[in-house]
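Structure at a glance
Next come the chains, spelled out residue by residue.
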Amino acid sequence: MQDIFTRDDVLAYHRKGVVKISMDEMPILTDLAREALNSLQMEIVVGKAPVANQAPAADGYGAGDASGAAVPNAVGPTAQKLTAPTLNKKPFRDVICSNQKLVGTFIGTPHPVMTEFVGHMGFDFVCIDAEHNAMHLETVQKMLQGLKATPTYGMVRIPTLSYEYVSGALDIGADALLIPQIRTMDDIARLKEFSQYPPIGRRGCGPSRLWDYGDSIGQLAAGDINYTTNIVAQLETVQAVEQIDEIVKSDFIDMFFIGPGDLSMDMGIFGQFSNPKLTDTIKMLRQTTAAAGKRLGLFAGNFEAASNWLNSGFDMVIVNSELAILSGAVAAGLKKARGDQR
Ligand code: 3PY
Ligand code: MG
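Owing to the predicted nature of the structure, the values given are computational and were not obtained by experimental measurement.

**Brief notes about the overall build of the chain**
- When you go through the chain residue by residue, the secondary structure sums to 13 helices and 12 strands.
- Restricting to contacts in the chain with at least 6 residues of sequence separation, those with at least 24 account for 64%.
- Summing over all exposed atoms, the chain offers an accessible surface of approximately 16,000 Å²; the carbon and sulfur share of this is 56%.

Okay, here's the thing in structure tokens:
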């Protein structure tokens, strides 16, 4: 009798870095198993699979080649792709660097229930905002864990440009980092150093959540070593705007993101979102980033503004925050319930 192969069976092989599952005869696949095989780019091979695709040694590295050197367990298309943080999702790199327009929202509530809840609402990603809320990396990690069971990606806005936050937030499995308050080329150089593995930068590697606590760290040797590192840099200071021609040349930055609140404040016109000084600057930033082949996102106060920005050529919007959306919905609902009497 044929075996029945479930999604859990696929995931168990995936966790071990197996790309081609070798079986004596083709099992009966459940719909979810078929879906998981497709999304993880895995396949079932009837007969013997190549040695390199067999289950790894328990230490997360293969037994070694003839010279005794350790070889990574997984080779092939999924070798560069993450397991823990992006389970059942394609790597965020394939999304953020594609032509897909992205819609997200900031998360200000420091709890995994909120990311889990919002993660099922249909946003492409949420941005856990550790710049403006009281949450440190332990909390952010739990929030990313809450998101794991959802189809939504997890970006993290770190509070300061430091080795601890950049490397730490990547290690706990952020699909992308949003970096606020970039001002100088020195900031860009430090960001590069902190976020990229050698020889490009000096980020250390370790058995973090990003690498399944060590189980999949062998993948680091199997392809583009910085494949999982997605960096979005904010343009929200006058200094950064003045140096935009240099800043856009940063090849390790995957997308830029305008913060109109801070930018307007730095320009001395805080909150004047229709002021031509601000709107002309935003236009110039769109043109300059586009000419450099860079993607550009922008903060939107509400869904209508988000739709306008996307229709006018922006690649990504972060629509306010989950708390602001809740607040707006409650205000509108109460007004309706009370017949607009107050
Ligand atoms: C700003 O408007 O300053 C922002 O950072 C929005 O995210
Ligand atoms: Mg800002």
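Read on for the rest.
**Regarding the packing of aromatic side chains**
- One pass over the structure, following the stated rule, counts 5 aromatic pairs.
- Taking 6.3 Å as the distance between ring centres and 25° as the angle between the ring planes, the aromatic pair formed by F123 and F303 counts as stacked. Remark: F303 occurs in helix α12 (residues 303-311) and F123 occurs in the loop between α4 (112-118) and β6 (125-129); sequence separation between them is 180 residues.
- F303 gets classed as partly exposed once you look at its relative accessible area, which sits at 46%.
- A centroid spacing of 5.9 Å and a plane angle of 90° characterise the contact between Y163 and F194, whose relative ring orientation is edge-to-face. Remark: F194 occurs in helix α7 (residues 185-195) and Y163 occurs in helix α6 (residues 163-171); sequence separation between them is 31 residues.
- Positioned above the aromatic ring of Y227, the side-chain terminus of R93 is 6.0 Å from the ring centre.
- Here the basic side chain of R203 rests over the ring of Y197, its NZ or CZ set 4.0 Å away from the ring centre.

**Focus: the pattern of salt bridges**
- With the rule as written, the count across this model stands at 12 salt bridges.
- Note that R157 is salt-bridged to D129, the shortest N-O span being 3.0 Å. Of this pair, R157 sits in strand β7 (residues 153-157) while D129 sits in strand β6, and the two are 28 residues apart along the sequence. One exposure class covers both R157 and D129, and it is buried.

**Here's the deal with the coordination of the magnesium ion (ligand 2)**
- All of the protein donors around the magnesium ion (ligand 2) are E236 (OE) and D262 (OD); their distances to the metal are 2.0 to 2.1 Å. You can see E236 sitting in the loop between β9 (231-235) and α8 (238-242) and its partner D262 sitting in helix α10 (residues 260-266), a full 26 residues away along the chain.
- A relative accessible area of 26% places D262 in the partly exposed class.

**Some points on the sheet that holds β9**
- Spatially, β5-β6-β7-β8-β9-β10-β11-β12 is the arrangement adopted by the 8 strands of the closed barrel, whose pairing is parallel. On average, each strand axis in the sheet is inclined to that of its neighbour by 25°, with strand direction left out of account.
- Of the strand pairs in this sheet, strand β11 (residues 295-300) and strand β12 (residues 316-321) are connected by 4 bridges, and their pairing is parallel. Residue pairing for β12: G297 is matched across the bridge by M316.
- In this fold helix α11 (residues 276-291) packs onto β9, β10 (255-258) and β11, with an angle of close to 155° to the strand it touches most, β11.

Calculation criteria
- Residues numbered from 1 in each chain as written.
- Chains lettered and ligands numbered in written order.
- Predicted model: local features only at pLDDT ≥ 70, side-chain atom pairs only at ≥ 80, totals over all residues.
- Heavy atoms only, no water.
- Helix = DSSP H or I, 4+ residues; strand = E, 2+ residues; numbered from the N terminus.
- Contact = heavy atoms within 4.5 Å.
- Areas by Shrake-Rupley, 256 points an atom, 1.4 Å probe, with all protein chains shown as cover.
- Phe/Tyr/Trp six-rings, centres within 6.5 Å; stacked < 30°, edge-to-face > 60°.
- Buried < 20%, exposed > 50% of the residue type's maximum accessible area, 1.4 Å probe, protein only.
- Lys NZ or Arg CZ within 6 Å of the ring centre and 35° of its normal.
- Salt bridge = Lys/Arg side-chain N within 4 Å of Asp/Glu carboxyl O.
- Donors = N, O, S within 2.8 Å, 3.2 Å for Na, K, Ca; no water.
- Pairing = 2+ DSSP bridges.
- Axes fitted to C-alpha atoms, helices over the stretch in contact; angles between N-to-C directions.

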